[in-house]
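# Geometric and topological summary
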Amino acid sequence: MILENITMPDFQKGLTKTRTIIVPFGSVEEHGSHLPLGTDTIHVYELAKEAAGLHPVFVAPPVWYGLCRSTCQHPGTVTLQGLTVRSLAMEICTALYSHGLRNFVLISGHAGGTHMASLVDAGEKVLDSLPRSQVAVLSVLDLTALPPFSGLIECKGDSHAGEVETSLMLHLRPKDVKGTSHEEYPSFPGKILVRDKRRYWPNGVWGDPSKASPEKGKAIIEREAVALVEMIKQLESLDEVESI
Ligand SMILES: [Zn+2]
């Protein structure tokens, strides 16, 4: 049940089948010179819809913007503050809770550490303020780190605009992939924060796009959806009061 497409009666009927909703979070962020700025959001929303085809859940419209710390100076990236991300997540969950949703899956296509910390913080606040809520917070990288992906992804440490995301876009939006970018890994000086972020990560790729293929993209999103559904079932099994 894709929230943006259903009517009010559809929504009410849906609540008799599930109290679970996936809330996808993305970003407007550089993805090398070859992938669209919306890659994270496109990926996570398609993944959520794929999962909804396997298991009855609601899917909320995606939040297009996120907190992009290391790429905020790359052309086209639009970043939010952590407090804004946290407020957005909390207010969306609070509104959905008032309509009967209880299990919230906050999944992000953008896996930046400070962005994810803001979502975790929001999830904890939701648990505190909404007594019958249950919350999972994860990024797509948490899924591809699971055993079903070993052997599928060749590039070790692939993270951003590399093998995985290029494969996904070749599968999901082939017309929006503009050639490729060179293999690259950022060289930030450990825990030292830097003003000039592009100096340490000039081209905005973390991984090797040359290993990408549309077939891999199809396999990745299908396996991600299965892994996501497993996690949703685990979340729902914890709920002994409200689940249906
Ligand atoms: Zn990305």
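Structure's up top.
Below: a short report on this structure. This is a predicted model, so every value here is computed, not measured. Counting restarts for each chain, with residues numbered from 1 along the sequence as it is written. Confidence filtering applies because this is a predicted model: local features only for residues at pLDDT of at least 70, side-chain atom pairs given and counted only at 80 or more, and all residues used for totals across whole chains, interfaces and linings. Processing note: side-chain calculations cover all non-hydrogen atoms of the structure and skip hydrogens and water entirely.

Ideal donor angles around a metal are set by the shape: a four-donor tetrahedron calls for 109.5 degrees, a six-donor octahedron for 90 or 180 degrees. The donor set comprises N, O and S atoms within 2.8 Å of the metal, extended to 3.2 Å for Na, K and Ca; water molecules are omitted, so apparent gaps in a site may simply reflect that omission. Of the protein atoms, only His31 (NE2), Asp40 (OD), Glu165 (OE) and Glu165 (OE) coordinate the zinc ion, at distances of 1.8 to 2.7 Å. All geometry calls rest on donor angles, where a four-donor set with angles between 85 and 135 degrees is tetrahedral, four- and six-donor sets with opposite donors more than 155 degrees apart and all others between 65 and 115 are square planar and octahedral, and all else is irregular. Of note is the zinc ion, whose four donor atoms meet at the metal with angles of 53 to 138° in an arrangement that counts as irregular. For the zinc ion, the donor residues sit on a single chain with the sequence spacing H-x8-D-x124-E. Working definition: with a 1.4 Å probe on protein chains only, accessible area under 20% of the residue-type maximum means buried, over 50% means exposed, and in between means partly exposed. The exposure class assigned to His31 is buried, which follows from its relative accessible area of 0%.

With that settled, the discussion passes to the pairing of strand 3 (residues 103-108). Burial analysis of strand 3 places six of its six residues in the buried class, the great majority of the element. Think of it this way: any DSSP run of H or I at least four residues long counts as a helix, any run of E at least two long counts as a strand, and we number them from the N terminus. Here strand 3 shows no split at all, with Asn103, Val105 and Ile107 on one side and Phe104, Leu106 and Ser108 on the other all buried. A pair of strands counts as paired when DSSP detects no fewer than two bridges linking them. When strand 1 (residues 20-25) meets strand 3, the two strands line up parallel, connected through six bridges. Bridged to Phe25 within strand 3 is Ser108. Both strand 3 and strand 4 (residues 134-139) contribute to a ladder of six bridges, which runs parallel. Its bridge partner lying in strand 4, Leu106 is registered against Val137. Classification remark: right-handed applies to a crossover when, strands pointing away from the viewer, the course from the first strand over the helix to the second runs clockwise. The β-α-β motif built from strand 3, the intervening helix 4 (residues 113-129) and the parallel element strand 4 has right-handed crossover chirality.

Turning our eyes to something else, we now look at the sheet that holds strand 1. Pairing within the open sheet is parallel, and its four strands lie in the order 2-1-3-4. Taken across any chain shown, the strands that pair with only one partner, and hence form the sheet edges, are strand 2 (58-59) and strand 4. Pairing of strand 1 with strand 2 involves two bridges; the strand directions are parallel. Paired with Ile22 across the two strands is Val59, which belongs to strand 2. It only takes one pair of heavy atoms within 4.5 Å for two residues to be counted as in contact. Between N-to-C directions, angles cover 0 to 180 degrees, with each direction set by a line fitted to C-alpha atoms, over the stretch in contact for helices. Where helix 3 (residues 82-98) meets the sheet, it contacts strand 1 and strand 3, and its direction lies at approximately 150° from that of strand 3. Taken strand by strand, helix 4 contacts strand 1, strand 3 and strand 4, and its axis lies near 175° from that of strand 4.

With that settled, the discussion passes to unusual backbone geometry. Backbone geometry places Ala161, a non-glycine residue, at a positive phi of 60°. By secondary structure assignment, the location of Ala161 is in the loop between helix 5 (140-144) and helix 6 (163-172). For Ala161, a relative accessible area of 0% corresponds to the buried category.

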